Amino acid sequence: MWTLRRTSIRLSLRNQALNNNVGASHASCVKLIPNTLVENEDALPDSHQIIHARFLSTGQTFYRTGNAFQQFTLSRRELSSQADASNKKDDDDDDLEVEDQLTEHDADGDSVHSETDLSDGEEDGGKPQDELELSDAESDKKSKSGKSRSELFKAVVNVSGLSVDSALDKWVAKGKELSRKEISSTLLNLRKRRMYGKALQVLDWLESNKKLEFTDREYASKLDLIAKLRGLPSAEKYLEHVPQSFKGELLYRTLLANCASLNYLKKTEEIFNKMRELDFPITPFACNQLLLIYKRTDKKKIADVLLMMEKENIKPSPFTYKILIDVKGVSNDIDGMDQIVETMKAEGVEIDHQTQATLARHYASAGLTEKSEAILKEIEGENLKENLWVCPTLLRLYAILGRPDEVERIWKVCESKPRVEDCLAAVEAWGRLKRIEEAEAVFEMMSNKWKLSAKNYSALLKIYTRNKMLIKGKDLIKKMGDSGCVIGPLTWDALVSLYVQAGEVEKADSVLQKALQQKRMKPLFTTYMTVMEQYAKRGDVHNAEKIFHRMRQAGYTSRITPFHSLAQAYKNANMPAYGIRERMKADNLFPNRALSDQLAQVDPFRKTPVSDLLD
């Protein structure tokens, strides 16, 4: 088996060298995607060595970059953040993660939601998943059914605009019980609704008033919320103050997941190695965080993680398979993807609805329409009315396949009693099919039925953006403001894109500057890049450098894409660029082939035949 694997690795490297598709770049990628999936870490069958061998021999996606075992065991330096990055932004790269890149917050840092704008189920399946399994199992089970919303949760939610402390003080004054079960249910429901600010206030109050004896779960939950709301530096500072007896694997695992979700490659690797130094058990969850971040930044290192898992006898979880399937699919290695599915079946691992949806999407992208539709029929089952929770998945995927007839059929089934996620999926589906009027009609029905959040509005706003409908986009944003929605990062991003597509770059820049004045929220990375790329095309070095500087001030560092745009600005301006390589080196970044070519063209000390003659 080892001989076969070595052969496959050598062939893969040889093919890779011939294709010359992957540069030696070292960076993080563009997207900021919170990882909020629960992973099942139950042990799988013992034949996982065969699993790893198959992963490494099913195509050209996974290949070794050196001594894999030493990379993960010697020191922090062995896991450098020299990642392979690409300018390509995969539109479907995040199908495995919860579709919540960034929520817009009110003054307390909470999502702008009311109870009426949330249905009993969650998007794409009615199976809500808490981030890091930090809640009480029994409370989690009840909340997943959508039938249990604690009285304490309602009391906390109903103090909109006021401190959560007042609601909790009143609760105690009335002599009501603050059981661990009640608290856990409340925190879970707040997390499900992305009301992280209120959840953190609850934990702060409980800790300061000594109403709950904190365990590692409460400390981990608080650390997770601090990371989400205040950033990783604040979370690391909080970790220092946690009692030593509670600084266990769960807290570091929580910090690791937040680092990976934000694509902080170097920090993710440092935390992973710190966990090894502290002799914490390395679980599939921890390995999956590495796989997730390498999936987005450096696919070459995926093989190293798999080899390490084999050596350490770490059995892959079902989520491990999902990541690998998606990597194969994004790389258009359909045969490799199919072989991983066969491995799952052989090992008795369930191919759930989410995995089926991922497979169908990749089949559709590869032009394998019949295979994609066969999976969709399997997802739908014999009676769709008994499986209404799959409607959002079917609506989106049939739209990808370009099947308006099927989108209309599915929508008619759930139209009589739709949930919010059904409506949002229908809006997105009609938008993808460029049936704008149908998308608007569904959205109008939504707005009449529920109090919508800014995130709900963004579904239609994205459609206007893609179709360059500036006037309609501005009208919708005005409607958002009139309805009481907080205008935040998602809306700023859409408005900036609308202005750019209309050729009004200065107005787009003006929106970005106004957004920067909002102290509690910062613009998305993509918002900066949208403006910066336009200045680069113009050869406007001054403004490109201005956006680059402000991006760094916002904390968007150690990313190679801004350097691409900056080099392009100098190139288009026919100006020499001094010190870009040194600036990259300070961020522990190294240029890939494309950027190296750009930098060579703007190198003030570049040698040419003419310069040689003059010298």
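Trainee: Where do I start with the overall build of the chain in this structure?
Mentor: For the chain, the count of helices and strands is 32 helices and 0 strands. By the burial criterion, 55% of the 615 residues in the chain qualify as buried. A sequence separation of at least 24 residues applies to 73% of the contacts in the chain between residues at least 6 apart. With an accessible surface of roughly 27,300 Å², the chain has 48% of that area assigned to carbon and sulfur atoms.

Trainee: For this particular structure, what's the right way to read helix α25 (residues 489-501)?
Mentor: Three or four residues apart is the spacing at which side chains of an α-helix point the same way, because the helix has 3.6 residues per turn. End to end, α25 covers 18 Å across 13 residues, agreeing with the expected 18 Å (1.5 Å per residue, within 8%). Most of α25 sits inside the fold, with 12 of its 13 residues counted as buried. In this structure, the buried residues of α25 make contact with α23 (454-466), α24 (470-482), α26 (505-516) and α27 (525-538). Phi turns positive, to about 80°, at G503, one or two residues after α25.

Trainee: I would appreciate a short explanation of a positive patch on the surface in the present structure.
Mentor: Residues R432, K434, K462 and R466 make up a contiguous surface patch of positive charge. Turning to its location among the elements, R432 is positioned in helix α21 (residues 420-432).

Trainee: Sorry if this is basic, but what is going on with the nonpolar core here?
Mentor: As a rule of thumb, soluble globular proteins bury nonpolar side chains together. Counting 158 residues, the largest nonpolar core has V427 and M446 as the members making the most contacts within it. Looking at which element gives the most residues to this core, the answer is α21, with 8 residues. In this view, V427 contacts A439, V442, F443, M446, A459, L460 and I463; residues no more than four positions away in its chain are not counted.

Trainee: What am I meant to see in the pattern of salt bridges here?
Mentor: Where charged atoms from two side chains of opposite charge come close, those side chains can pair. According to the stated counting rule, one finds 33 salt bridges in the structure shown. A salt bridge links K222 to E207; its shortest N-O distance comes to 2.6 Å. Placement of K222 in helix α9 (residues 216-230) and of E207 in helix α8 (residues 196-208) is noted, with a sequence separation of 15 residues between them. Note that D326 is salt-bridged to R361, the shortest N-O span being 3.1 Å. With D326 in helix α15 (residues 318-330) and R361 in helix α17 (residues 353-365), this residue pair connects regions lying 35 residues apart in the sequence. By relative accessible area, D326 is classed as buried at 0%. By relative accessible area, which is 4% here, R361 ends up buried.

Trainee: What exactly am I supposed to notice about the packing of aromatic side chains here?
Mentor: Any two aromatic rings considered together are summarised by their centre-to-centre distance and by the angle between their planes. For the structure on display, the rule yields 7 aromatic pairs. Measuring from centroid to centroid gives 5.6 Å for F525 and Y556, while their planes differ by 80°, and the two rings are edge-to-face. Taken together, the residues span a long stretch of sequence, with F525 in helix α27 and Y556 in the loop between α28 (541-553) and α29 (561-572) at a distance of 31 residues. Members of the aromatic cluster, each reached through a chain of ring pairs, are F214, Y219 and F246. Above the plane of the ring of F285 lies R253, whose end atom (NZ or CZ) is 4.7 Å from the centre. One cation-aromatic arrangement involves K522 over Y556; the distance from NZ or CZ to the ring centre is 4.4 Å.

Trainee: Just checking my understanding: could you explain α15 for this structure?
Mentor: Spanning 13 residues, α15 covers 19 Å between terminal C-alpha atoms, matching the ideal 18 Å at 1.5 Å per step. The buried fraction of α15 is high, at 12 of 13 residues. All of the buried residues in α15 are P318, F319, T320, Y321, K322, I323, L324, I325, D326, V327, K328 and G329. Phi turns positive one or two residues past the end of α15, at N332, with a value near 60°.

Trainee: Just checking my understanding: could you explain the packing of α27 against α28 for this structure?
Mentor: A pair of packed helices is characterised by two quantities: the angle between their axes and the separation of those axes. The contact between α27 and α28 brings their axes to 8 Å, and the two run at 165°. One element, α27, and the other, α28, form an angle in the roughly antiparallel class. In the packing of α27 onto α28, the handedness of the crossing is left-handed. Of α28, the residues touching α27 (which contributes F525, Y528, M529, V531, M532 and Y535) are N543, A544, I547, F548, R550 and M551.

Trainee: Just checking my understanding: could you explain unusual backbone geometry for this structure?
Mentor: With the exception of glycine, the majority of residues adopt a negative phi angle, and the majority of peptide bonds are in the trans configuration. For N313, which is not a glycine, the phi torsion comes out positive at approximately 60°. Within the secondary structure, N313 sits in the loop between α14 (302-311) and α15. In the Ramachandran plot, N332 falls in the positive-phi region, its phi being about 60° despite a non-glycine side chain.

Trainee: Whenever I open this one, the confidence of the model for the chain confuses me. Can you help?
Mentor: Note: predicted coordinates in regions of low pLDDT should not be interpreted at a detailed level. Counting all residues, the mean pLDDT for the chain is 77, and 73% of those residues have values of 70 or more. For residues 1-61, every residue scores under 50 in pLDDT, and the model assigns this stretch 180 contacts once sequence neighbours within four places are set aside. Note on residues 63-148: pLDDT is under 50 here. Beyond four places in sequence and across chains, it has 274 contacts.

Trainee: Where do I start with the packing of α15 against helix α16 (residues 334-346) in this structure?
Mentor: Orientation of α15 relative to α16, taken along the N-to-C sense of each, is 160°, at an axis distance of 8 Å. As the angle between them shows, α15 and α16 are arranged roughly antiparallel. α16 is crossed by α15, and the crossing has left-handed handedness. Each of Y321, L324, I325, K328 and G329 in α15 lies in contact with α16, whose residues at this interface are G336, M337, I340, V341, T343 and M344.

Trainee: Even after reading the chapter, I still don't get the environment of A554, so can you show me in this structure?
Mentor: Residue position: A554 is located in the loop between α28 and α29. Distance in space between the C-alpha atoms of A554 and P523 is 8.4 Å, their sequence separation being 31 residues. Excluding its chain neighbours within four sequence positions, the residues that come into contact with A554 are K522 and Y528.

Trainee: Would you mind showing me how to read the environment of K571 here?
Mentor: Within the fold, K571 resides in helix α29. Residues K571 and G539, spaced 32 residues apart in sequence, show a C-alpha to C-alpha distance of 7.2 Å. The contact partners of K571, leaving out residues within four places of it in the chain, are Q601 and V602. Within polar-contact distance, the side chain of K571 engages the side chain of Q601 at 3.3 Å.

Trainee: What is the right way to look at the state of the cysteines in this model?
Mentor: A covalent bond between the sulfur atoms of two cysteines is what we call a disulfide. Considering all chains together, one arrives at 0 disulfides under this definition. Here C414 is not disulfide-linked; the sulfur of C391 is the nearest cysteine sulfur, at 4.1 Å. Its relative accessible area of 3% is what places C414 among the buried residues.

Trainee: I tried to follow the environment of E218 on my own but got confused; where do I start?
Mentor: Among the structural elements, E218 can be located in helix α9. Residue E218 is classed as buried on the basis of its relative accessible area of 11%. Sequence spacing of E218 and L251 is 33 residues, and the spatial spacing of their C-alpha atoms is 9.7 Å. Within the structure, E218 has its side chain in polar contact with the side chain of R180 (distance 3.1 Å).

Analysis parameters
Residues numbered from 1 in each chain as written. Predicted model: local features only at pLDDT ≥ 70, side-chain atom pairs only at ≥ 80, totals over all residues. Heavy atoms only, no water. Helix = DSSP H or I, 4+ residues; strand = E, 2+ residues; numbered from the N terminus. Buried < 20%, exposed > 50% of the residue type's maximum accessible area, 1.4 Å probe, protein only. Contact = heavy atoms within 4.5 Å. Areas by Shrake-Rupley, 256 points an atom, 1.4 Å probe, with all protein chains shown as cover. Expected span 1.5 Å × (residues − 1). Patch = residues over 30% accessible without salt bridge, like charges linked within 9 Å, V, L, I, M, F, W, Y side chains within 5 Å. Salt bridge = Lys/Arg side-chain N within 4 Å of Asp/Glu carboxyl O. Lys, Arg positive; Asp, Glu negative; His and termini not counted. Charge placed at Lys NZ, Arg CZ, Asp CG, Glu CD. Core = buried A, V, L, I, M, F, W, Y, C linked by side-chain atoms within 4.5 Å. Phe/Tyr/Trp six-rings, centres within 6.5 Å; stacked < 30°, edge-to-face > 60°. Lys NZ or Arg CZ within 6 Å of the ring centre and 35° of its normal. Axes fitted to C-alpha atoms, helices over the stretch in contact; angles between N-to-C directions. Parallel < 35°, antiparallel > 145°, perpendicular 65-115°, else oblique. Left-handed = near helix turned anticlockwise from the far one by under 90°. pLDDT = per-residue confidence, 0-100. Polar contact = N/O pair within 3.5 Å; in protein donor to acceptor, adjacent residues only side chain to side chain. Disulfide = S-S within 2.5 Å.

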